[in-house]
Amino acid sequence: MEAVILDVDGTLADSERDGHRVAFNLAFEEFGLDHRWDVEQYGRLLEVTGGQRRLHAYLEDEGMDAAERDELVPRLHARKTELFQELVAEGKVQPRPGTAELLDRLEGEGVRLAVATTGSRGWVAPLLDRFFGLDRFETIVAGDEAPARKPDPAAYVMALEALRLPPSAALAVEDSRNGLLAAHAADLACVVVVNDYTRDHDLEGAALVVDDFGALDVATLRRLCDSGDGGDDDDGGGHRPPA
Ligand code: XBP
Ligand code: MG
């Protein structure tokens, strides 16, 4: 294992319930809209990755036509991104326990670090810099750069290209089914660290599912990455979920 590629929302950062969800609600309020996403409803809305896509899906369900959504969503989402950054700066969003320690241990053993997230670069870079220091990630692929969002593999494929590594030399760390599917579609083995929103997801095919980062050490990650056969799908082995 030469590199670990980490997801952000729900994985490196406990960012959804008290971060993005609150930022969306504050943006709705500022725009004079009476929508409010409660914790349980937001868990369902997370099935749609990407904040703008999530807003489009929700507002379409609420009966807003495409023309009005096309005008509103970019503005609403841009403000939401600013509000989310303010929440991060106020300490309302924290790294998940054990993440900084794991990154230290990985670096200590010469493992290269990268990020592949659906989130917007506008908040991704400042959050990673605040929590971990930006320069420790050799490459960061955010939702803006990837042509498609998870479960599409684009972010992971781009991260592997930037690392100049085959999927067999890297391991993905995710929190959700969409993230696991994206990693597998990029032929990466994937460890899932679940959270309250993703504990009940179908995580079939994950190399390992754990409740927190305390259960992860470099030797375990190395074993899980190196146990695959390069993801050769023909024999049904490797990193892809069982057929
Ligand atoms: C999670 C997402 C993101 C965040 C909101 O991304 O789907 O859309 O919910 O961020 P990941 P934006 O788990 O891949 O990090 O509003 O910037 O999209
Ligand atoms: Mg995630």
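Structure: see above.
Just so you know, these numbers come straight off a predicted model, no measurement behind them.

Draft legend 1. Quick look at the layout of surface pockets. Computed from the structure, the largest pocket encloses a volume of approximately 880 Å³. Asp9, Gly10, Glu16, Leu46 and Asp175 are the residues nearest the centre of the largest pocket, which is lined by 48 residues in total. Secondary-structure elements contributing two or more residues to the lining of the largest pocket are helix H1 (16–30), helix H2 (39–45), helix H3 (51–61), helix H4 (66–89) and helix H8 (177–185). No other element matches the five residues that H1 contributes to the lining of the largest pocket. A per-class count over the lining of the largest pocket returns eight nonpolar, 20 polar and 20 charged. Residue contributions to the lining of the largest pocket reach at least three from each of two domains, namely domain 1 (3–14 + 93–226) and domain 2 (16–89).

Draft legend 2. Looking closely at the coordination of the magnesium ion (ligand 2). Only Asp7 (OD), Asp9 (O) and Asp175 (OD) from the protein coordinate the magnesium ion (ligand 2), and they sit 2.2 Å from it. Each donor residue of the magnesium ion (ligand 2) lies on one chain, and together they are spaced D-x1-D-x165-D. As far as the burial class goes, Asp7 and Asp9 line up, both buried.

Draft legend 3. Here's a closer look at the packing of H1 against H4. Close contact between H1 and H4 brings their axes to 8 Å; oriented N to C, the two are set at 130°. Our classification of the angle between H1 and H4 gives oblique. Considering the relative orientation of H1 and H4, their crossing is right-handed. Residues Asp18, Gly19, His20, Val22, Ala23, Phe24, Leu26, Ala27, Phe28 and Glu30 of H1 lie in contact with H4, whose contacting residues are Leu76, His77, Arg79, Lys80, Leu83, Phe84 and Leu87. Classifying every residue of the contact of H1 with H4 gives ten nonpolar, three polar and four charged.

Quick notes on the rules
Residues numbered from 1 in each chain as written. Chains lettered and ligands numbered in written order. Predicted model: local features only at pLDDT ≥ 70, side-chain atom pairs only at ≥ 80, totals over all residues. Heavy atoms only, no water. 1 Å grid on protein atoms, 1.4 Å probe; cavity = no way out; pocket = protein on both sides within 12 Å on 5 of 7 lines; lining within 4 Å. Points joined across faces, edges and corners; volume = space filled by probe spheres on them. Helix = DSSP H or I, 4+ residues; strand = E, 2+ residues; numbered from the N terminus. Nonpolar A, V, L, I, M, F, W, Y, C, P; charged D, E, K, R; others polar. Domains from an automatic or database assignment. Donors = N, O, S within 2.8 Å, 3.2 Å for Na, K, Ca; no water. Buried < 20%, exposed > 50% of the residue type's maximum accessible area, 1.4 Å probe, protein only. Axes fitted to C-alpha atoms, helices over the stretch in contact; angles between N-to-C directions. Parallel < 35°, antiparallel > 145°, perpendicular 65-115°, else oblique. Left-handed = near helix turned anticlockwise from the far one by under 90°. Contact = heavy atoms within 4.5 Å.

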